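# Topology and contacts: notes
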Amino acid sequence: MMHKAGFVNIIGNPNVGKSTLMNAFIGEKLSIITSKAQTTRHRILGIVNGEDFQVILSDTPGIIKPAYELQASMMDFVKSAFEDADVLIYMVEIGEKELKDEAFFKKITNSKIPVLLLLNKIDKSNQEQLEEQSELWQSKVPNAEFFPISATEGFNVQNVFSRIIELLPQSPAFYPKDQLTDKPERFFVNEAIREKILMHYKKEIPYAVEVDTEEFFEEDSIIRMRSVIMVERETQKGIIIGHKGSALKRVGIEARKDLEKFFGKQVHLELYVKVNKNWRSNQRQLRRFGYNQK
Ligand SMILES: Nc1nc2c(ncn2[C@@H]2O[C@H](COP(=O)(O)OP(=O)(O)OP(=O)(O)O)[C@@H](O)[C@H]2O)c(=O)[nH]1
Ligand SMILES: [Mg+2]
């Protein structure tokens with residue numbers, strides 16, 4: 001039997017629905033999703049296994065012009081996704097103009113490997129807008145195969161997946177067939193907590209937060225976790241905790257519910273908040289949190 005396998009890397013502007021698409025392919029909530037830009041900070045592998053194929057998807061951070069070290073290493077993850085792709089997925093959304101980073105855009109339009117151009121969120125558009133946008137994008141990226149999709153409604157998602165399988169090279173699997181991702185369990189704990197912080201706090205707060213899970217201890221009937229929420233400044237710590245701890249408590253309750261679903265087990269989650277001054281601009285701290293891997 002012929003076996004196919006390869007890397008399918010999803011890139012595009014912030015907030016266009018890259019993580020939503022990856023989760024739709026996987027059929028699980030692997031990547032966190034919020035309505036805010038820069039939700040995804042890492043390159044996260046999501047592996048779809050079949051008897052005769054292995055599709056290794058990469059969800060990546062949205063492309064931005066980096067303003068501080070953390071964002072620079074987020075863009076390094078995007079760069080790495082150009083380097084090892086067998087198929088490139090370039091996602092845009094209805095109403096979007098183009099990438100703010102011209103060099104990345106050139107890499108896409110000059111790509112030697114197959115590019116699938118996905119116009120997402122078509123559930124939000126009418127027929128006229130859809131036609132106009134489809135034309136626009138096909139002319140901007142003429143080397144790509146074009147698919148209008150809705151990642152949330154599942155529209156055309158299966159067709160894109162079938163096309164991916166066709167395009168994959170013949171190859172043995174790269175990962176064990178029961179493996180779903182390259183990230184350890186603790187990573188998903190961090191992300192579940194960060195998602196709630198993105199959802200419930202305003203302005204710069206979510207962008208000043210990093211989460212580190214210090215303890216992950218699985219017993220027969222329960223997993224015990226302890227995570228620290230790191231902020232850049234003392235004032236941010238107070239905001240995260242909230243009046244009599246109410247805001248932090250809400251984060252803990254909601255993250256725990258998600259984690260119980262994710263791990264299929266009862267979860268005990270302890271949270272505390274710590275100031276880690278200017279961690280976003282500190283190379284050593286960034287390395288410690290899994291960024292800056294050069
Ligand atoms: N209406 C509509 N909304 C969508 C669709 N796909 C994603 N969204 C919404 O768009 C927002 C961003 O989705 P994400 O999947 O987090 O986007 P992303 O590209 O991963 O964002 P970053 O990680 O910040 O770069 C969320 O509120 C999603 O629910 C879609 O097909 N239709
Ligand atoms: Mg994302």
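Here, the structure is the one placed above.
Below: a short report on this structure. (Residues numbered from 1 in each chain as written. Chains lettered and ligands numbered in written order. Predicted model: local features only at pLDDT ≥ 70, side-chain atom pairs only at ≥ 80, totals over all residues. Heavy atoms only, no water.)

## Quick notes on the overall build of the chain
Using the following cut-off: Strands here are runs of E lasting at least two residues and helices are runs of H or I lasting at least four, both read from the DSSP assignment and numbered beginning at the N terminus. Two things to know: the radius of gyration comes from C-alpha atoms, and the globule rule equals 2.2 Å times the number of residues to the power 0.38. Here the term buried applies to any residue with accessible area under 20% of the maximum for its type, exposed to any over 50%, and partly exposed to those in between, with areas from a 1.4 Å probe on protein chains only. Any two residues having at least one pair of non-hydrogen atoms within 4.5 Å are treated as being in contact. Here, Shrake-Rupley sampling with a 1.4 Å probe gives the accessible areas, and only protein chains in the shown set may cover a residue. His is not counted here, nor are the chain ends, while Lys and Arg score as positive and Asp and Glu score as negative. In plain terms, the charge of a residue is placed at NZ if it is Lys, CZ if Arg, CG if Asp and CD if Glu.
Along its length, the chain carries nine helices and nine strands. Here the C-alpha atoms of the chain give a radius of gyration of 20 Å, agreeing with the 19 Å that 2.2 N^0.38 yields for 294 residues. Over its C-alpha atoms, taken along the principal directions, the chain stretches across nearly 55 × 45 × 40 Å. Evaluated residue by residue, the chain yields a buried proportion of 54% over its 294 residues. Counted over contacts in the chain with a minimum sequence separation of 6, partners at least 24 positions apart contribute 73%. When the accessible surface of the chain is summed, it comes to about 14000 Å², and 50% of that surface belongs to carbon and sulfur atoms. For the chain, the separation between the mean place of its 42 positive charges and that of its 41 negative charges on side chains is 7 Å.

## Re unusual backbone geometry
The backbone of Asn156 shows a phi angle near 70°, a positive value even though the residue is not glycine. Position of Asn156 among the secondary structure elements: in the loop between β6 (145-148) and α5 (157-167). Although it is not a glycine, Lys203 adopts a positive phi angle of roughly 50°. Within the fold, Lys203 resides in the loop between α6 (185-200) and β7 (210-218). Lys203 sits in the exposed class, given a relative accessible area of 72%.

## Brief notes about the site of ligand 1
To be explicit about the condition: Here a residue is considered near a molecule or strand provided that any single heavy atom belonging to it is located within 4 Å of it. Any pair of N or O atoms that falls within 3.5 Å is considered a polar contact. Within protein, one atom must be able to donate a hydrogen and the other to accept it, and sequence-neighbouring residues count only if both atoms are side-chain atoms. Think of a 1 Å grid over the protein atoms and nothing else: a 1.4 Å probe that fits but is trapped marks a cavity, an open set flanked by protein within 12 Å on at least five of seven lines marks a pocket, and residues with an atom within 4 Å of a point count as lining. Think of it this way: a molecule belongs to a cavity or pocket when more than half its atoms come within 2 Å of the grid points there. Polar here means any residue outside two lists: the nonpolar Ala, Val, Leu, Ile, Met, Phe, Trp, Tyr, Cys and Pro, and the charged Asp, Glu, Lys and Arg; Gly therefore counts as polar.
Among the 23 residues in the neighbourhood of ligand 1, the closest are listed as Lys18, Thr20, Thr39, Thr40 and Asp123. Measuring from a nitrogen atom of ligand 1, one finds a side-chain N or O atom of Asp123 at 2.7 Å. Ser150 is positioned with one of its side-chain polar atoms (N or O) 3.2 Å from an oxygen atom of ligand 1. One can see that ligand 1 is located within the largest pocket. For the shell around ligand 1, the leading source of residues is helix α1 (residues 18-26), giving three residues. Taken together, the residues of the shell around ligand 1 sort by class into five nonpolar, 13 polar and five charged.

## Overview of the coordination of the magnesium ion (ligand 2)
Here is the rule: Shown as donors are all N, O and S atoms within 2.8 Å of a metal ion, widened to 3.2 Å for Na, K and Ca; because water is not in the atom set, sites may appear incomplete.
Within the first shell, the magnesium ion (ligand 2) binds the protein through Ser19 (OG) and Thr40 (OG1), at distances of 2.0 to 2.1 Å. On the criterion of sequence distance, the pair formed by Ser19 in helix α1 and Thr40 in the loop between α1 and β2 (44-49) is long-range, its members being 21 residues apart. Across the pair, exposure class does not vary: Ser19 and Thr40 are buried alike.

## Topic: α5
Residue pairs spaced three or four apart in an α-helix point in one direction, given the helix's 3.6 residues per turn. The cut-off we apply is this: To be clear, the arc concerns the directions from the helix axis to the C-beta atoms.
Within α5, burial applies to Val157, Val160, Phe161, Ile164 and Ile165. The buried residues of α5 occupy an angular sector of 140° when projected down its axis, which confines them to one face.

## Regarding a negative patch on the surface
To be explicit about the condition: Exposure above 30% relative accessible area and no salt bridge define the residues that can form patches, which grow by joining like charges within 9 Å and nonpolar side chains of Val, Leu, Ile, Met, Phe, Trp and Tyr within 5 Å. Salt bridges are defined as contacts in which a side-chain nitrogen from Lys or Arg sits within 4 Å of a carboxyl oxygen from Asp or Glu.
A contiguous patch of negative charge, built from Glu128, Glu131, Glu132 and Glu135, is present on the exposed surface. Along the chain, the position of Glu135 falls in helix α4 (residues 127-140).

## Digging into the sheet that holds strand β8 (residues 222-231)
Adjacent strands of a sheet form backbone hydrogen bonds with each other and so pair up, either parallel or antiparallel. Note the threshold: The pairing criterion for strands is at least two bridges between them, as found by DSSP. For helices, the fitted line uses only the C-alpha atoms of the stretch in contact; every axis is such a line through C-alpha atoms, and the angle between N-to-C directions lies from 0 to 180 degrees.
Strand order in the open sheet formed by three strands is β7-β8-β9, with mixed pairing between adjacent strands. The outermost strands of the open sheet, each flanked by one partner alone, are β7 and β9 (266-275). Between one strand and the next, the sheet's axes are offset by a mean angle of 20°, whatever the strand orientation. Bridge count between β8 and β9: ten bridges; the pairing is parallel. From the neighbouring strand, Val231 faces β9, where its bridge partner is Val275.

## Concerning empty space enclosed by the protein
What counts is decided by this rule: Grid points are joined across faces, edges and corners, and a volume is the space filled by probe spheres set on the points.
This model, assessed by the stated rule, comprises one cavity of 30 Å³ or more. Approximately 30 Å³ is the volume found for the largest cavity. Around the largest cavity, the lining residues are Gln38, Arg41, Tyr68, Leu70, Met74 and Tyr207. Taken together, the residues of the lining of the largest cavity sort by class into four nonpolar, one polar and one charged.

## Describing the pattern of salt bridges
Should their charged atoms come close, side chains of opposite charge can pair. All told, the structure shown has 20 salt bridges when counted by the stated rule. Put simply, Asp258 and Lys29 hold a salt bridge, and the shortest N to O gap is 3.4 Å. Highlighted residues: Asp258 in helix α8 (residues 246-263) and Lys29 in the loop between α1 and β2, separated in sequence by 229 residues. For Lys29, a relative accessible area of 40% gives the class partly exposed. Members of the salt-bridge network, linked through shared partners, are Lys29, Glu195, Lys196 and Asp258.

## Some words on the sheet that holds strand β3 (residues 53-59)
Strand order in this open sheet of six strands is β2-β3-β1-β4-β5-β6, and the pairing throughout is mixed. Of all strands in the sheet, those with a lone pairing partner are β2 and β6, marking the two edges. Each strand axis lies, on average, 25° off the axis of its neighbour in the sheet, ignoring direction. One ladder, built from five bridges, connects strand β1 (residues 4-12) with strand β4 (residues 87-93); its direction is parallel. Directly across from Val8, in β4, lies its bridge partner Val87.

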